[in-house]
Amino acid sequence: MDILSLNNISQEFFLPRKLTDIVTNRPARSIRAVQSMNLAIHENEILGIAGESGCGKSTTCMIAAGLLAPTDGDVLHRGQALTAMDEQTKKTFRRSVQIIFQDPYESLNPRFEIGDTVAEGPRAMNLWPEEVIQEKVRSILAAVGLDPDRFIKRYPHELSGGERQRVGIAAALVMEPDIVFADEPLSMLDVSIRADILTLIKTLAAERKFSCVYVSHDLSILGNVADRIMIMYLGQAVEIGSAHDVLTNPKHPYTKALISAVPIPDPTIDRGVPKIIGDLSMPVNAHKGCQFAPRCPYAQDTCWQEFKSLSGVTGLHESACLREDAPDVLNEVVDAN
Ligand SMILES: Nc1ncnc2c1ncn2[C@@H]1O[C@H](COP(=O)(O)OP(=O)(O)O)[C@@H](O)[C@H]1O
Ligand SMILES: [Mg+2]
């Protein structure tokens with residue numbers, strides 16, 4: 001059974017009306033942060049989510065982790081809708097779904113010793129007797145590479161960024177979750193230590209058998225860690241499939257453009273990718289079609305009118321491009337550029 005599924009999730013944020021909107025009687029504007037998203041996270045998989053800043057990656061994670069109620073659609077944990085859970089099931093959900101935060105400098109309480117930080121979740125939920133909690137805290141600290149004898153009594157300010165992020169990982173994993181959301185967990189860290197933390201998350205996911213949703217705007221990181229990859233553009237899932245398929249045989253013009261932006265150190269190689277025009281727009285009062293249409297060299301009228309939601313469930317390679325059936329035309333346009 002899938003651990004977590006998102007069924008047709010949408011999230012709209014209404015922006016406060018400005019004075020000029022009020023005097024000109026303009027209706028409230030809204031941002032469609034996530035639109036008609038379907039996604040199932042399978043057992044023991046690492047699912048990567050990629051896309052430019054502001055495309056709705058964090059909002060998707062917050063909704064999936066139960067921290068934000070979606071405007072529309074259902075989140076199911078092991079087949080049970082979050083909105084219909086009784087207290088006991090909700091407690092299990094809160095324990096089973098954990099988050100590793102982006103910023104290890106902000107997410108740790110500066111007044112708590114590391115041991116207490118990691119023990120906080122199990123204590124708050126009364127998961128085990130205190131001696132068992134102590135034992136589990138020591139064991140998870142060792143598992144994330146922090147010697148418990150050296151670190152348990154220390155405070156966050158005495159730790160490096162990488163060590164703090166290890167504490168964040170320990171605090172999530174001590175709950176023995178079945179799914180962990182890691183929302184750009186490396187972005188605040190030095191490049192030199194990123195690979196170690198990435199390997200740690202990947203190894204622990206395999207050893208402790210939890211699924212992981214790993215968010216990054218960096219495709220080369222996802223290529224190293226993810227089993228499947230979902231690409232988002234302005235609130236819409238535009239492509240999903242095995243990491244290998246998406247990276248080596250991208251179908252959606254946006255994915256092709258993203259991959260072409262990964263630098264390769266040989267200027268003579270021409271990857272024959274579509275040239276993206278224009279800037280990333282804000283999804284304010286978005287049109288109802290494909291959000292990539294304004295920048296897509298292949299867009300036709302239908303692309304502005306219709307958007308194809310992905311099922312995101314089967315694990316097969318899917319693209320939301322309405323023009324996927326016209327590869328010859330696409331190639332001609334690429335050649336013309
Ligand atoms: N609480 C909020 N109120 C209004 N707009 C928001 C809120 N949270 C996110 N947004 C907007 O929703 C869009 C998606 O944001 P986010 O999910 O944080 O993107 P990402 O994580 O991919 O950078 C952005 O345009 C962002 O400005
Ligand atoms: Mg984000």
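The rules we used
Residues numbered from 1 in each chain as written. Chains lettered and ligands numbered in written order. Predicted model: local features only at pLDDT ≥ 70, side-chain atom pairs only at ≥ 80, totals over all residues. Heavy atoms only, no water. Helix = DSSP H or I, 4+ residues; strand = E, 2+ residues; numbered from the N terminus. Rg over C-alpha atoms; globule rule 2.2 N^0.38 Å. Contact = heavy atoms within 4.5 Å. Lys, Arg positive; Asp, Glu negative; His and termini not counted. Charge placed at Lys NZ, Arg CZ, Asp CG, Glu CD. Pairing = 2+ DSSP bridges. Axes fitted to C-alpha atoms, helices over the stretch in contact; angles between N-to-C directions. Core = buried A, V, L, I, M, F, W, Y, C linked by side-chain atoms within 4.5 Å. Buried < 20%, exposed > 50% of the residue type's maximum accessible area, 1.4 Å probe, protein only. Phe/Tyr/Trp six-rings, centres within 6.5 Å; stacked < 30°, edge-to-face > 60°. Lys NZ or Arg CZ within 6 Å of the ring centre and 35° of its normal. Parallel < 35°, antiparallel > 145°, perpendicular 65-115°, else oblique. Left-handed = near helix turned anticlockwise from the far one by under 90°. Polar contact = N/O pair within 3.5 Å; in protein donor to acceptor, adjacent residues only side chain to side chain. Patch = residues over 30% accessible without salt bridge, like charges linked within 9 Å, V, L, I, M, F, W, Y side chains within 5 Å. Areas by Shrake-Rupley, 256 points an atom, 1.4 Å probe, with all protein chains shown as cover. Salt bridge = Lys/Arg side-chain N within 4 Å of Asp/Glu carboxyl O.

A.B. asks: Hey, could you run me through the overall build of the protein in this one?
C.D. replies: Along the protein, the regular secondary structure elements total 13 helices and 11 strands. The C-alpha atoms of the protein give 22 Å as radius of gyration, which agrees with the globular expectation for 337 residues (20 Å, within 12%). Along the three orthogonal principal directions, the C-alpha set of the protein runs to about 65 × 55 × 45 Å. Partitioning the intrachain contacts of the protein with sequence separation of at least 6 by distance along the chain shows that 67% fall at a separation of at least 24. Charged side chains in the protein number 33 positive and 44 negative. The centres of these two groups are separated by 4 Å.

A.B. asks: Explain the sheet that holds strand β8 (residues 211–215) here, please?
C.D. replies: Note: strands within a sheet are paired through backbone hydrogen bonds, in either parallel or antiparallel orientation. Spatially, the 7 strands line up as an open sheet ordered β6-β7-β8-β3-β9-β10-β11, and their pairing is mixed. Two strands close off the open sheet at either side, each with one partner strand: β6 (97–100) and β11 (318–319). Bridge count for strand β7 (residues 179–183) against β8 is 5 bridges, and the pairing is parallel. Residue pairing in the sheet places Phe181 in a bridge with Val213 of β8. Most of the contacts of helix α3 (residues 87–96) go to β6, to which it runs at about 30 degrees, and overall it touches β6 and β7.

A.B. asks: Explanation requested: the nonpolar core in the structure shown.
C.D. replies: Soluble, globular proteins show a tendency: their nonpolar side chains are buried together. Counting residues in each nonpolar core, the largest one holds 58 residues, and the members touching the most others are Val118, Val137, Leu141, Ile169, Tyr214 and Ile231. At 6 residues, the largest contribution of residues to this core is made by helix α8 (residues 191–208). Among residues more than four places away in sequence, those in contact with Tyr214 are Ile46, Leu47, Gly48, Ile49, Ala182, Pro185, Leu186, Leu198, Ile201, Ile221, Leu222 and Val225.

A.B. asks: How do you make sense of the packing of aromatic side chains when you look at a structure like this?
C.D. replies: Think of a pair of aromatic rings as described by two things: how far the centres are apart, and how the planes are tilted against each other in angle. The full count for this structure, using the stated rule, is 3 aromatic pairs. Connected via pairs of aromatic rings, a cluster forms that spans Tyr233, Tyr254 and Phe292. Of note, Lys136 hangs over the ring of Trp128, and the distance from its end group to the ring centre comes to 4.5 Å.

A.B. asks: Mind showing me how you'd approach the pairing of strand β4 (residues 72–77) here?
C.D. replies: Side-chain direction in a regular strand flips from residue to residue, so the side chains alternate between the two faces of the sheet. Here strand β1 (residues 4–14) pairs with β4 via 5 bridges, running antiparallel. Paired with Asn7 across the strands is Asp74, a residue of β4. Taken together, the 2 bridges between β4 and strand β5 (residues 80–81) define a ladder with antiparallel strand orientation. For Leu76, the partnering residue across the bridge sits in β5 and is Ala81. Hairpin remark: β4 followed by β5, antiparallel, with 2 residues in the connecting loop; positive phi at Arg78, about 45 degrees.

A.B. asks: Is there a simple way to explain the packing of helix α4 (residues 114–124) against helix α5 (residues 130–143) in this structure?
C.D. replies: Packed helices, taken two at a time, are described by their axes: the angle between them and the distance between them. Where α4 meets α5, the closest approach of the two axes is 10 Å, and the angle between their N-to-C directions is 125 degrees. When the axis of α4 is compared with that of α5, the two are oblique. In this structure, the crossing between α4 and α5 has a hand that is right-handed. Between α4 and α5, the residues in contact are Ile114, Gly115, Val118, Ala119, Pro122 and Arg123 and Glu130, Ile133, Gln134, Val137, Ile140 and Leu141, respectively.

A.B. asks: Looking at this model, I keep getting lost on the side chain of Thr60. Mind explaining?
C.D. replies: Tracing the sequence through the fold places Thr60 in helix α2 (residues 57–64). The class for Thr60 is buried, based on a relative accessible area of 4%. At 2.7 Å, the side chain of Thr60 and the backbone oxygen of Gly56 are in polar contact. Excluding anything up to four places from it in sequence, Thr60 contacts Leu6, Val34, Met37 and Met232.

A.B. asks: Where do I start with a nonpolar patch on the surface in this structure?
C.D. replies: Residues Leu19, Ile22 and Val23 make up a contiguous nonpolar surface patch of about 340 Å² in total accessible area. With respect to the helices and strands, Leu19 occurs in helix α1 (residues 19–23).

A.B. asks: What is the right way to read the pattern of salt bridges from this model?
C.D. replies: Any two side chains of opposite charge can pair if their charged atoms end up close together. Applying the stated rule across the entire model yields 11 salt bridges. Asp21 is paired through a salt bridge with Arg26; the nearest N and O atoms lie 3.1 Å apart. Each member of the salt-bridge network shares a partner with another, and the members are Glu43, Arg78 and Asp178.

A.B. asks: Hey, could you run me through unusual backbone geometry in this one?
C.D. replies: Most peptide bonds are trans, and most residues other than glycine sit at a negative phi. One non-glycine residue, Asn25, lies in the positive phi region at around 60 degrees. Topologically, Asn25 is positioned in the loop between α1 and β2 (30–41). Note on Asn25: relative accessible area 64%, which makes it exposed. Even without being a glycine, Ser36 presents a positive backbone phi close to 45 degrees. Looking at the secondary structure, you find Ser36 in strand β2.

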